[in-house]
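Structural characterization, general
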Amino acid sequence: PNSGPGAPSAGTRAGASYGGFGLWNTATSTYGSSTAPIDMGSGGGGYSPNGGGAVRLNVADTLLNDGTISADGSNTSSGGSIYVTANKLSGSGKYRANGGGFYWPNVVFGMGGGGRVAVYFATSTFSGETIAKGGCNSFDSWTTTCAGSGTVVVKQLKTKCQTNCFSNVLFL
């Protein structure tokens, strides 16, 4: 529990941060790059809090995503990072680095902040979602409270990848 650069201070019940701040965590607890995200998410408090992982995809041709590419955090933890570079994007799936929900055994621990997602492409027919939301919950059954959203960058490159293009996947 409470591990990583965006982890809440020991003894607090705040959620962990990365791209977005964890609920009750300090606004200065975010870290990493929004344009080239490679960091893991941070762990919050409670039971089995694991920050989201780090996914790097560098695809020389077409990346078809009809499923979910995820770096979500578990309870109270921040989302991780997804960093994609591809010549062509297609599909209708999701790129998702969401923060985890709250943890409530006998005392409430806050939700985790969203992670960071950056997707770069030359051409695209992709029609899905790219998200990095903070974890949300209702403490009173009437209103919803959320941790801070992370960052999302989706950008078309002006030229097709010419050098250092790979058709591989690296999971960190």
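It should be emphasised that the depicted structure is a prediction, and the values quoted were computed from it without experimental measurement.

Focus: the state of the cysteines
Counted according to the given criterion, the structure contains one disulfide. What pairs with C136 in a disulfide is C146, and their sulfur atoms sit 1.9 Å apart. Since a negative S-S torsion denotes a left-handed disulfide, the C136-C146 link at about 110 degrees is right-handed. Residue C136 is located in strand β7 (residues 136–137), and its partner C146 is located in strand β8 (residues 145–146); the two are separated by 10 residues in the primary sequence.

Here's the deal with the pairing of strand β5 (residues 116–124)
When you tally the buried positions in β5, you get seven out of nine residues, the bulk of the element. Looking at chain direction, strand β3 (residues 81–90) and β5 are connected through eight bridges and run parallel. From the neighbouring strand, A86 faces β5, where its bridge partner is F121. Across six bridges, β5 lies against strand β9 (residues 151–156) in parallel orientation. Directly across from Y120, in β9, lies its bridge partner K155.

Details of the pattern of salt bridges
A full pass over the atoms with the stated rule returns two salt bridges. Among the ionic pairs, R96 bridges to D72, the shortest N-O distance being 2.7 Å. Taken together, the residues span a long stretch of sequence, with R96 in strand β4 (residues 94–96) and D72 in the loop between β2 (68–70) and β3 at a distance of 24 residues. Among the residues examined, R96 registers a relative accessible area of 22% and is labelled partly exposed. As a salt-bridge pair, K94 and E129 come within 3.6 Å of each other at their nearest N and O atoms. You can see K94 sitting in strand β4 and its partner E129 sitting in strand β6 (residues 129–131), a full 35 residues away along the chain.

Thoughts on the environment of K158
With respect to the helices and strands, K158 occurs in the loop between β9 and β10 (167–171). A C-alpha to C-alpha distance of 6.4 Å links K158 and A122, two positions 36 residues apart in sequence.

Re the confidence of the model for the chain
In the predicted model, the chain carries a mean pLDDT of 89, and 91% of its residues have values of at least 70. Residue range residues 166–172 is modelled with pLDDT below 50. Its contacts to residues more than four positions away, or to other chains, number 16 contacts.

Some details on the packing of aromatic side chains
Applying the stated criterion to the full structure yields six aromatic pairs. With 4.6 Å between their ring centres and 35 degrees between their planes, Y18 and Y31 make a pair best called tilted. Here the residue Y18 occupies a position in the segment before β1 (54–64), and Y31 occupies one in the segment before β1, the gap between them amounting to 13 residues. Taking 5.2 Å as the distance between ring centres and 55 degrees as the angle between the ring planes, the aromatic pair formed by Y95 and F126 counts as tilted. Here F126 lies in the loop between β5 and β6 and Y95 lies in strand β4, a separation of 31 residues in the sequence. Summarising the burial analysis for this pair, Y95 and F126 share the class buried. Positioned above the aromatic ring of Y83, the side-chain terminus of R56 is 3.8 Å from the ring centre.

Overview of the sheet that holds β6
As a general point, the strands of a sheet are linked pairwise by backbone hydrogen bonds and lie either parallel or antiparallel. What the three strands build is an open sheet, ordered β2-β4-β6; its pairing is parallel. Edge positions in the open sheet fall to β2 and β6, since each of these has one partner strand only. Strand-to-strand twist in this sheet, taken as the mean axis angle between neighbours without regard to direction, amounts to 5 degrees. Examined bridge by bridge, β2 and β4 share three bridges and lie parallel to one another.

So, how was this worked out
Residues numbered from 1 in each chain as written. Predicted model: local features only at pLDDT ≥ 70, side-chain atom pairs only at ≥ 80, totals over all residues. Heavy atoms only, no water. Disulfide = S-S within 2.5 Å. Helix = DSSP H or I, 4+ residues; strand = E, 2+ residues; numbered from the N terminus. Buried < 20%, exposed > 50% of the residue type's maximum accessible area, 1.4 Å probe, protein only. Pairing = 2+ DSSP bridges. Salt bridge = Lys/Arg side-chain N within 4 Å of Asp/Glu carboxyl O. pLDDT = per-residue confidence, 0-100. Contact = heavy atoms within 4.5 Å. Phe/Tyr/Trp six-rings, centres within 6.5 Å; stacked < 30°, edge-to-face > 60°. Lys NZ or Arg CZ within 6 Å of the ring centre and 35° of its normal. Axes fitted to C-alpha atoms, helices over the stretch in contact; angles between N-to-C directions.

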